[in-house]
Amino acid sequence: MRTLKFLLQKEFRQIFRDPSILRVIFIMPVIQLMILPWAADYEIKNIKLSVVDHDHSEYSRKLINKITASGYFELADYSNSYKQALHKVEHDEADLMLEIPTSFEKDVVKENKAKLFMALNAINGVKANLGGAYLRTIIQDYNQEIRLEWLQMPRMNIEPTIQITSSNWYNPLLNYKYFMVPGILVILLTMIGSNLAAINIVKEKEIGTIEQINVTPVKKYHFLLGKLVPFWILGMVVLTLGLFISWAVYGIIPLGSYLTIYAFAAVYLLTVLGLGLLISTYAGTQQQAMLISFFLMMIFILMGGLYTSIDSMPHWAQIITKFNPVSYFIDVMRMVVLKGSGFWDVRYHFIIMFTFATVFNGWAIWHYRKTS
Amino acid sequence: MQAVIKADKLSKHFGHFTAVNEISFEVAPGEIFGFLGANGAGKTTAMRMLCGLSIPTSGTATVAGFDVYKQTEEIKKNIGYMSQKFSLYEDLTVLENIRFYGGIYGLSDRDLQQKSETLITRLNLQNEAKKLVGSLPLGWKQKLSFSVAVLHEPKIVFLDEPTGGVDPVTRRQFWDLIYEVADRGITVFVTTHYMDEAEYCNRVSIMVDGSIEALDTPPKLKQQFSANSMDEVFYELARGAKRSE
């Protein structure tokens, strides 16, 4: 215990003496949490629309007005021909093209049926998809309005329609920030935890001080514990800072208990720090450690369910995510923050995270050699 | 008297390369044992095996009565080690380094207090005690490093080229420290490239290409190679070396 006291004292002194580490620990999360959630937004806005209106009728003008009034579209161009509009798309000045045929109004009124042509620039698949869907919804809505106008006319046959009304549970306003902020916080904690721990030990290897430690009777778990505890505490501080920003900037207050979040974060930090320690026992230089942890981080983030839903991944990829600690914490965060889940609801997450922590730390201690 | 270091046909291979080839020697308690050899002769590898940092490939050795294969952690309790590379924490102060290393060797608070005071007075570091170690000149760092390595009164202290790059005056002062420590009964095992320093040792071994080619007191070695100085003895032996860095 006394040995550990001296090791901890040394680590804390070194951490607080290095201003660049402190900057990374405190300023990075603040800036990232302030910026990322605004950018990482799934809602597509400002879709540039090019309209080719051959009809120039009251109906076509109403439709165009309705589309631009929705707020999602921006009338980029009002062309005279399909060719001209296509030209705009080719030059990336328009994302979406809507062609209204010459007889649009006449067809609607007389034939009871009209056709519109829509072309999408699908280089950005998400934008094209969502843009198309928005436009379709707006046109459908427009269709309904016309029907209502015509309802009074007795000779018209009223066709039955099915309308879907959905209510969004747990995040009624579909506020993406509620969804993204807890996830981004998890990523921050992961990056700070594993990187700092890995680099810290490897730095001692590079300077050569680790050899001096290896020639002392210090037990290896004492040494690793001395590295783990300070970063664990810092991680909890960063979490607190992150939760504070979530509340102060985004007004996010977990429906569930902060206690559940902290309890899970405590175990989670043991896991990522253990992973960092493990990396450090394999890496000989700081570059190696950085590259390994960068590689893992990419996989963790892209396969963690932060940006893309795990449920829509192929089966084999879903199996990989089972070994991704990040996915569990993101899950727990969202469950607790948005759904108000309690300890009992996330008990399996806890068990799995405990297993991760034990494996990574045990492996690190086993692989760390005082004698080569 | 019982030898404090005993090595018998101790070897270390790295793949096909034989870094240390069946070296055998004994070191008596309180002795200053010089471990000489050209760059790449295998001195550091041999020393690392004796310190429990590296497991030998074959042969046997005991340090302070403990086996270098199985009892490395016991050995570590009984030795001090100063590596070629300066390895105190440059971002900690003089006092913090002393207390840290003393602490992890299990010294009590009272011992720590008293020993750090003695050490700082002995090295005339009163004004530097609260300065970061990184800001000290090399010679001071080396003296501090050595004093920290013997802070816990080990049975043996291993010094790997402790005076490399240090000015002659500081080297003299460094050897004064070594003699003080030897007078307290601590065995000193030291490697060096300075032949004047070899003269200060009680006994000297000279390694060439992984093997010990000569081992005796400096006067006897000079006699054996009919040389006037240790410099000549070393040159006579080392010029036959096939390995070099």
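Per chain, the residues get numbers from 1 upward, laid out in the order the sequence is written. The naming scheme follows written order: chains are lettered A onward, ligands numbered 1 onward. The predicted nature of this model means local features are confined to residues of pLDDT at least 70 and side-chain atom pairs, given and counted, to a pLDDT of 80 or more, with totals for whole chains, interfaces and linings taken over all residues. Calculated side-chain values reflect all of the structure's heavy atoms, with hydrogen atoms and water omitted.

We now examine the overall build of chain A. A run of DSSP states H or I qualifies as a helix once it reaches four residues; a run of E qualifies as a strand once it reaches two. Both are numbered from the N-terminal end. From N to C terminus, chain A includes 14 helices and 4 strands. Based on C-alpha atoms, the radius of gyration is set beside the globule rule, defined as 2.2 Å times the residue count to the power 0.38. Rg of the C-alpha trace for chain A: 28 Å, well past the compact-globule value of 21 Å for 372 residues, more than 25% over. Across its three principal directions, the C-alpha atoms of chain A cover 95 × 45 × 40 Å. Taking the contacts inside chain A whose residues are at least 6 apart along the sequence as the reference set, 78% of them involve residues at least 24 apart. Any two residues having at least one pair of non-hydrogen atoms within 4.5 Å are treated as being in contact.

Attention now goes to the nonpolar core. Within the largest apolar cluster, 124 residues are counted, with the highest numbers of intra-cluster contacts made by M333 of chain A together with L144, F146, L159, V188 and M230 of chain B. The leading source of residues in this core is helix α7 (residues 176–207) of chain A, at 14 residues. Aside from chain neighbours lying at most four places away, what touches M333 of chain A is P182, L185, V186, L239, L243, I261 and L338 of chain A. Nonpolar core, defined: a set of buried Ala, Val, Leu, Ile, Met, Phe, Trp, Tyr and Cys residues in which side-chain atoms within 4.5 Å join the residues together. Only protein chains enter the accessibility calculation, which uses a 1.4 Å probe. A residue is then buried if its area is under 20% of the maximum for its type, exposed if over 50%, and partly exposed in between. The next biggest cluster of nonpolar side chains, apart from the first, holds 31 residues, and it includes F35, C51, Y81 and F158 of chain B.

It is worth spelling out the pattern of salt bridges at this point. Take a side-chain nitrogen of Lys or Arg and a carboxyl oxygen of Asp or Glu: if they are within 4 Å of each other, that pair is a salt bridge. Using the criterion set out here, one finds 24 salt bridges over all chains in the structure. Put simply, D109 of chain B and R2 of chain A hold a salt bridge, and the shortest N to O gap is 3.4 Å. With D109 of chain B in helix α4 (residues 109–122) and R2 of chain A in helix α1 (residues 2–17), the pair connects residues from two separate chains. Notably, a salt bridge pairs K66 of chain A with E145 of chain A, separated by 3.0 Å at the nearest N-O pair. A residue pair is termed long-range when its members are at least 10 positions apart, and K66 of chain A in helix α3 (residues 58–69) and E145 of chain A in helix α6 (residues 125–151) qualify at 79 residues. Ionic contacts of the salt-bridge type, sharing partners, join the residues K10, E11, E204 and K227 of chain A into one network.

Take the pairing of strand β7 (residues 156–160) of chain B next. Residue and element names in this part refer to chain B. Among the 5 residues in β7, 5 count as buried, and that is most of the element. Judged by which residues are buried, β7 turns out to be covered on both faces: I156, F158 and D160 on one side and V157 and L159 on the other are all buried. Any two strands with at least two DSSP bridges between them are considered paired. As paired elements, strand β6 (residues 79–82) and β7 share 4 bridges and run parallel to each other. Within β7, the residue paired with M82 across the bridge is L159.

So, on to the side chain of T209 of chain A. Note on placement: T209 of chain A falls in helix α8 (residues 209–214). A 3.5 Å cut-off defines polar contacts: any pair of N or O atoms within that distance qualifies, except that in protein one atom must be a possible hydrogen donor and the other a possible acceptor, and neighbouring residues in sequence count only when both atoms are side-chain atoms. A distance of 3.1 Å separates polar atoms of two side chains, one belonging to T209 of chain A and the other to E204 of chain A. In this structure T209 of chain A touches E204 of chain A together with S87, L88, Y89 and Y101 of chain B, once residues within four positions along its chain are discounted.

A few words now on a nonpolar patch on the surface. Residue and element names in this part refer to chain A. Together, F294, F295, M298, I299, L302, Y307, W316 and I320 line one region of the surface with nonpolar side chains, adding up to about 840 Å² of accessible area. Counting residues per element, the ones that place at least two in the nonpolar patch are α11 (286–302) and α12 (315–321). Tallying contributions element by element places α11 first for the nonpolar patch, with 5 residues. Relative to the helices and strands, M298 is located in helix α11. Its relative accessible area of 43% is what places M298 among the partly exposed residues. Patches in this entry comprise residues that are over 30% relatively accessible and not in a salt bridge; like charges within 9 Å are linked, as are nonpolar side chains (Val, Leu, Ile, Met, Phe, Trp, Tyr) within 5 Å. Here the accessible surface of atoms and residues is derived via Shrake-Rupley with a 1.4 Å probe, and residues count as covered only by protein chains that are part of the display.

Looking now at the interface of chain A and chain B. With 25 residues of chain A at the interface, the matching set in chain B holds 35 residues. Buried area: the accessible area, evaluated with a 1.4 Å probe, that two parts lose upon being put together, summed over both parts. Note on chain A versus chain B: buried area summed over both sides is about 2600 Å², and carbon and sulfur give 54% of it. Connecting chain A to chain B are 5 salt bridges. Counting across the interface, chain A meets chain B through 14 residue pairs in polar contact (both at pLDDT 80 or more). Those elements that provide at least two residues to the side of chain A that touches chain B are α1, α7 and α8 of chain A.

The subject of this paragraph is α7 of chain A. Residues and elements named next belong to chain A. Expected helix span is given by 1.5 Å per residue-to-residue step, counting one fewer step than there are residues. Look at α7: 46 Å from first C-alpha to last across 32 residues, which is about the 46 Å you get at 1.5 Å a residue. Burial runs high along α7: 23 of the 32 residues are buried. Of the residues one or two after α7, G208 is the one with positive phi, at around 100°.

Moving on to the UniProt feature "domain: ABC transporter" (unreviewed entry) in chain B. Per the UniProt annotation, the sites labelled "domain: ABC transporter" (unreviewed entry) are residues 5–234 of chain B. From the first C-alpha to the last, residues 5–234 of chain B spans 24 Å; its make-up is 37% helix and 27% strand. UniProt positions are given in the numbering used here, feature names are shortened, and annotations may be inferred rather than shown by experiment.

The next thing to look at is the UniProt feature "transmembrane region" (unreviewed entry) in chain A. In the numbering used here, UniProt assigns the feature "transmembrane region" (unreviewed entry) to residues 21–40, 178–202, 229–253, 259–279, 291–310 and 348–366 of chain A. Between the first and last C-alpha atoms of residues 259–279 of chain A the distance is 30 Å; the span itself is 100% helix and 0% strand.

The next subject is the environment of R13 of chain A. Here R13 of chain A lies in helix α1. A relative accessible area of 30% means that R13 of chain A is categorised as partly exposed. The spacing of R13 of chain A and Q288 of chain A is 275 residues in sequence and 26 Å in space, taken between C-alpha atoms. Ignoring anything within four residues of it in the chain, the contact list for R13 of chain A reads L92 and E96 of chain B.

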